[in-house]
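An overview of the molecular structure
Here is what each chain is made of, one letter per residue.
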Amino acid sequence: MTLSWFQIFRLGLVQMALGAIVVLTTSTLNRLMVVELSLPAVLPGLLVALHYGIQMTRPHWGFASDAGGRRTRWIIGGMAMLAFGAFLAAIGVLVLESSFAAGMVISVIAYALIGLGVGASGTSLLALLATTTAPHRRAAAATITWLMMIFGIAVTAGVVGKLIDPYTPQLLIKIVGIVVLAATGLTCLAVWGVERKLIAVRQPDPTPFRQGLAEVWQERKARNFTLFVFLSMTAYFMQELILEPYAGLVFAFTPGQSTSLSGAQNGGVFIGMLTVGILATGLKIGALRHWVMAGCLGSAAALAVIAMLGPLGPAAPLTPAVVGLGFFNGMFAVAAIGSMMALAGQGREQREGTRMGLWGAAQAVAAGFGGLVGAGMVDVLRALFTDTQAFGSVFLFEATLFVAAATMAAKIMDRRMPSVTLVPGE
């Protein structure tokens, strides 16, 4: 048996809960540390980087869900860990007001738990989706679950932003507590009974983790796709920390306009994801391989346009170009996620979670690496050239990475298959 549309929607609620909790740590708590506590912006930046770095444990969590025979316990357990970490992070913000050292200790522990929770719950959820979704529904399943995550992020950020004013420490604890309890409860309801109806209990696998991971890495398909994920996601995240500064320094955008620009980009992402879901699954137009390549090449073209708009200054139509970038980013992202789901079941049995964990770790490392590389390149180039030239050069470099990713996708993905399949031959 495979997942029904209703069951796919139920599992998407877990992604929504993940997004709702994570946005508290990357947005609300980040702002409180920088504005209310007057701490340097690099401090929350390092804490967020810690939570990405901890997600290197994703292969371990995926392997554990493979070996244990059931994934539901890891989804719920990971969400509980994430919820506790987020609540502890809120406490850390309050302690920072009176004791920097104690607050930092609490915050480091909290963000480590956040990374572990996201890794355990998110990886196990994707592995469950990969093993129980019919092949022709994978693009739509990826679209549904990721749109629900974006919805959870947007709604939580908006509602919390309104409720937290006027800010008090007691109100912060109350709001964070409500969000994490609601997210954990929703996760339990969303996954309860789904796996039991679809998958017979598998015998526990006694294989050690290192051996299991080595077996997956020896698979040519898994290894090639890991390298593709790292390359493409590095390109995807390079603009994350520099697009808004570019808009302010080169196009004279105000802080409010820059924030709106980010919202417009996310709107483009939403439309791009929806487009792939409707066309690839609903109308059966194009294989996921083609959507991955189109998203990469379209993103490269949009970045080139953004770089070329720089010399025109404030009069240039930057916002439409950024919406275009978001559209092709969303197209690429959801097609790549659908590809992961298609590939997770190929190769040795009972290694689906390990493969998803390996690719999730590559994505997490690329997120941190790409952002740092983009910001670092801009800092170096601004010391040598004008702002327009510095930012433009980085955007063009990012575009070349997307072209390289599209080229790699063309070489490793079999064009004869209706869904994404890598060239055989381990």
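Residues numbered from 1 in each chain as written. Predicted model: local features only at pLDDT ≥ 70, side-chain atom pairs only at ≥ 80, totals over all residues. Heavy atoms only, no water.

Structural notes on the overall build of the chain
When helices and strands are tallied, the chain shows 16 helices and 0 strands. Seen through its principal axes, the chain has C-alpha atoms that stretch 60 × 50 × 35 Å. Burial analysis of the chain (426 residues in total) assigns 55% to the buried set. The long-range fraction of contacts in the chain, counting pairs at least 24 apart against all pairs at least 6 apart in sequence, stands at 83%. (Helix = DSSP H or I, 4+ residues; strand = E, 2+ residues; numbered from the N terminus. Buried < 20%, exposed > 50% of the residue type's maximum accessible area, 1.4 Å probe, protein only. Contact = heavy atoms within 4.5 Å.)

Looking at the pattern of salt bridges
A complete count under the given rule lists 2 salt bridges for this structure. A salt bridge links R355 to E219; the shortest N-O distance between them is 2.9 Å. A residue pair is termed long-range when its members are at least 10 positions apart, and R355 in helix α15 (residues 352-382) and E219 in the loop between α9 (209-217) and α10 (220-237) qualify at 136 residues. Of the two residues, R355 and E219, neither departs from the other in class, the shared state being buried. Between R382 and D387 there is a salt bridge; the shortest N-O distance is 2.8 Å. (Salt bridge = Lys/Arg side-chain N within 4 Å of Asp/Glu carboxyl O.)

Points about the nonpolar core
Side chains that are nonpolar tend, in soluble globular proteins, to be buried together. Formed by 129 residues in total, the largest nonpolar core has its most connected members in L29, F228, Y246, L318, F332, W359 and F395. When residues of this core are assigned to their parent elements, the largest contribution, 15 residues, is made by helix α14 (residues 318-344). Among all residues touching W359, those that are not within four sequence positions of it are A222, F225, T226, V229, M340, L343 and A344. (Core = buried A, V, L, I, M, F, W, Y, C linked by side-chain atoms within 4.5 Å.)

Some words on the packing of α10 against α14
The geometry of α10 relative to α14 is characterised by a closest axis approach of 12 Å and an angle of 160° between their N-to-C directions. Viewed along their axes, α10 and α14 adopt a mutual orientation that is roughly antiparallel. Both α10 and α14 take part in a crossing whose hand is left-handed. Of α14, the residues touching α10 (which contributes F225, F228, V229, S232, M233 and Y236) are N329, F332, A333, A336, S339, M340 and L343. Broken down by class, the residue content of the contact of α10 with α14 amounts to 10 nonpolar, 3 polar and no charged. (Axes fitted to C-alpha atoms, helices over the stretch in contact; angles between N-to-C directions. Parallel < 35°, antiparallel > 145°, perpendicular 65-115°, else oblique. Left-handed = near helix turned anticlockwise from the far one by under 90°. Nonpolar A, V, L, I, M, F, W, Y, C, P; charged D, E, K, R; others polar.)

Comments concerning the packing of aromatic side chains
All chains considered together, the criterion is met by 12 aromatic pairs. Note on F327 and F328: the rings are 5.2 Å apart at their centroids and 80° apart in plane angle, and the pair reads as edge-to-face. We classify F328 as partly exposed; its relative accessible area is 28%. When the ring of F332 is compared with that of F402, the centres are 6.1 Å apart and the planes differ by 80°; the resulting orientation is edge-to-face. Placement of the pair is F332 in helix α14 and F402 in helix α16 (residues 387-412), with a sequence separation of 70 residues. Judged by its relative accessible area of 0%, F332 is buried. (Phe/Tyr/Trp six-rings, centres within 6.5 Å; stacked < 30°, edge-to-face > 60°.)

Some thoughts on unusual backbone geometry
Phi is positive for S38, close to 55°, though the residue is something other than glycine. The topology assignment puts S38 in the loop between α1 (5-36) and α2 (42-54). Of note in this structure, A252 is not a glycine but carries a positive phi near 60°. Within the secondary structure, A252 sits in the loop between α11 (243-251) and α12 (255-282). Residue classification places A252 among the exposed residues on the basis of a relative accessible area of 53%.

Observations concerning the confidence of the model for the chain
When pLDDT is low, close inspection of the predicted coordinates is not appropriate. When pLDDT is averaged along the chain, the result is 85, and 92% of the positions lie at 70 or above. Confidence drops under a pLDDT of 50 for residues 416-426, and excluding neighbours within four residues, the segment shows 32 contacts in the predicted structure. (pLDDT = per-residue confidence, 0-100.)

Re helix α5 (residues 100-132)
For α5, built from 33 residues, the straight-helix expectation of 48 Å at 1.5 Å per residue is met to within 8% by its first-to-last C-alpha distance of 47 Å. Burial analysis of α5 places 24 of its 33 residues in the buried class, which makes it a mostly covered element. (Expected span 1.5 Å × (residues − 1).)

Considerations on a nonpolar patch on the surface
Where nonpolar side chains cluster on the molecular surface, the patch consists of F270, I271, L274, I278, L283 and I285 and spans about 530 Å² of accessible area. When you line up the elements, L274 lands in helix α12. By relative accessible area, which is 36% here, L274 ends up partly exposed. (Patch = residues over 30% accessible without salt bridge, like charges linked within 9 Å, V, L, I, M, F, W, Y side chains within 5 Å. Areas by Shrake-Rupley, 256 points an atom, 1.4 Å probe, with all protein chains shown as cover.)

Re the side chain of T156
Counting through the fold element by element, T156 comes out in helix α6 (residues 138-163). Polar side-chain contacts of T156 include one of 2.7 Å to the backbone oxygen of G152. Apart from residues no more than four positions distant in its own chain, T156 is found in contact with A20, V23, L24, G161 and V179. (Polar contact = N/O pair within 3.5 Å; in protein donor to acceptor, adjacent residues only side chain to side chain.)

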